[in-house]
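Results of the structural survey
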Amino acid sequence: ETAGRVSLSPLCPLSVLLSHRVTRVPSELLSQSVLLSHRATCHPRAEELQGQRWVPFSREEISAFQSQPMAEMWQRCARRVTEAIERVVEFAKRLRGFLQLSQHDQIVLLKAGAMEVVLVRMCRAFDAATRSVLFEGKLAGPELFRSLGCPELVASIFDFAQSLSALRCSESELAMLSALVLLNAGRPCLQDRPRVARLQGHLDVAFRLLLRRTRREGLLARLPAPGRLRALCSQHLEQVQAFRRLHPGGLPAAFPPLYRELFAPDPADGPAGTR
Ligand SMILES: O=S(=O)(c1ccc(F)cc1)C1(c2ccc(OCc3ccccc3)cc2)CCCC1
């Protein structure tokens, strides 16, 4: 037993139990609170994912998706990613210290990291055996998204999900990974970089201790490089621009306002993150 922690064996008399504060080290408390925030803001929840049988779409259902108009499929994906991003915003707000940052820095971190966390979280609903993802209730392969007209982006999204799910991360590992993606002091335009760096540092220590406790130190070297997430998000932005060129008059009103704000900001709105 490490010093300062009383053994919780049933043989331990109450007097001893009462005389010691069962203290968890701060970093263990931090990773536990991040896990709770993650669990509270992920959909589907871990229990739902374990429980349900993942059913693939039938050939007919797949061809129905493939014959959807491009704009319709884009709006569906934009709606789903926006719902996922709203849950990531809720996750961020529950991270210790995030709400104490200036609103400017909160927006900078979310604009840069929310989509990246969605892509990290996506591996929870990804089935590596069939290379398919839970989409609107059933398992969808990349071919289902053909009408989006951006096969490279779809391929990159699936490749990323495949490589992350191969690491078989626990919910705790995904929670800490997501927190570190968001609280990244390297993001451009931060006002109080040292403050973000302190929060990032606490999470980094907590993550390393979690990996040591669970004998998963090897995970760090196998994680996808941060550049892969960044490249994926830039690819998505390029495809949004391409979609807008095909559909003059800006993104149709049917796209969620948050999606438009994040990925197709109207230049008239002023520089990003300061509205
Ligand atoms: O299930 S998904 O709709 C999905 C879409 C495309 C794909 F190839 C695989 C999955 C979802 C997702 C939605 C939009 C994404 O990028 C932005 C994007 C990409 C392409 C078109 C529009 C928007 C990425 C992921 C997974 C997590 C949340 C929803």
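Below is a short write-up of the structure. (Residues numbered from 1 in each chain as written. Predicted model: local features only at pLDDT ≥ 70, side-chain atom pairs only at ≥ 80, totals over all residues. Heavy atoms only, no water.)

As for the layout of surface pockets
Roughly 840 Å³ of internal volume is contained in the largest pocket. Forming the boundary of the largest pocket are 34 residues, of which R80, V81, V118, M122 and F135 lie nearest the centre. Of all the secondary structure elements, the ones that give two or more residues to the lining of the largest pocket are α5 (70–93), α6 (103–122), β2 (132–135) and α7 (151–165). The leading source of residues in the lining of the largest pocket is α5, at 8 residues. Across the lining of the largest pocket, the residue classes tally to 23 nonpolar, 5 polar and 6 charged. (1 Å grid on protein atoms, 1.4 Å probe; cavity = no way out; pocket = protein on both sides within 12 Å on 5 of 7 lines; lining within 4 Å. Points joined across faces, edges and corners; volume = space filled by probe spheres on them. Helix = DSSP H or I, 4+ residues; strand = E, 2+ residues; numbered from the N terminus. Nonpolar A, V, L, I, M, F, W, Y, C, P; charged D, E, K, R; others polar.)

Things to note about the site of the ligand
Neighbouring the ligand are 17 residues; W74, R80, M115, F135 and H236 lie closest to it. Contacts to the ligand include R80, whose side-chain N or O atom sits 3.4 Å from an oxygen atom. Taking 560 Å² as the accessible area of the ligand by itself, protein coverage stands at 97%. The site holding the ligand turns out to be the largest pocket. Secondary-structure elements contributing two or more residues to the shell around the ligand are α5, α6, β2 and α7. Taken together, the residues that form the shell around the ligand break down as 15 nonpolar, 1 polar and 1 charged. (Near = heavy atom within 4 Å. Polar contact = N/O pair within 3.5 Å; in protein donor to acceptor, adjacent residues only side chain to side chain. Areas by Shrake-Rupley, 256 points an atom, 1.4 Å probe, with all protein chains shown as cover. Sits in = over half its atoms within 2 Å of the grid points.)

Topic: the packing of α5 against α6
Orientation of α5 relative to α6, taken along the N-to-C sense of each, is 110°, at an axis distance of 9 Å. What the angle tells us is that α5 and α6 run roughly perpendicular. Across the interface between the two elements, V81, A84, I85, R87, V88, V89, F91 and A92 from α5 touch L110, A114, M115, V117, V118 and R121 from α6. Here the residues of the contact of α5 with α6 sort into 12 nonpolar, no polar and 2 charged. (Axes fitted to C-alpha atoms, helices over the stretch in contact; angles between N-to-C directions. Parallel < 35°, antiparallel > 145°, perpendicular 65-115°, else oblique. Contact = heavy atoms within 4.5 Å.)

Some details on helix α2 (residues 26–41)
With 16 residues, α2 should cover 22 Å at 1.5 Å per step; its first-to-last C-alpha distance of 23 Å lies within 8% of that length. Residues of α2 that are buried in the fold lie against α5, α6, α8 (171–182) and α9 (193–213). (Expected span 1.5 Å × (residues − 1).)

Focus on the nonpolar core
Counting residues in each nonpolar core, the largest one holds 77 residues, and the members touching the most others are V34, L144, F145, L183, F207 and Y259. What F145 contacts, discounting residues up to four positions off in sequence, is M73, C77, V133, F135, A140, V154 and F158. Counting residues in each nonpolar core, the second largest holds 5 residues, with L49, W54, A125 and L139 among its members. (Core = buried A, V, L, I, M, F, W, Y, C linked by side-chain atoms within 4.5 Å. Buried < 20%, exposed > 50% of the residue type's maximum accessible area, 1.4 Å probe, protein only.)

A word on the sheet that holds β2
Across the sheet, 3 strands lie side by side as β1-β2-β3; this open sheet has antiparallel pairing. Here the strands that pair on one side only, and so sit at the sheet edges, are β1 (126–127) and β3 (138–140). For β1 and β2, the ladder comprises 2 bridges, and the chain directions are antiparallel. Following the sheet pairing, D127 is matched in β2 by S132. (Pairing = 2+ DSSP bridges.)

Brief notes about α9
Helix length check: α9, at 21 residues, gives a terminal C-alpha distance of 30 Å against a target of 30 Å (1.5 Å per residue), a fit within 8%. By the burial criterion, the buried members of α9 are V196, L199, L203, A206, F207, L210 and L211. All buried residues of α9 project into a common sector of 140° when viewed along the axis, lining one side. Across from the buried face of α9, at angles greater than 90 degrees, the exposed residues are P194, R198 and R212. Of the residues flanking the end of α9, it is R215, one or two places downstream, whose phi is positive at about 55°. (Arc of directions from axis to C-beta.)

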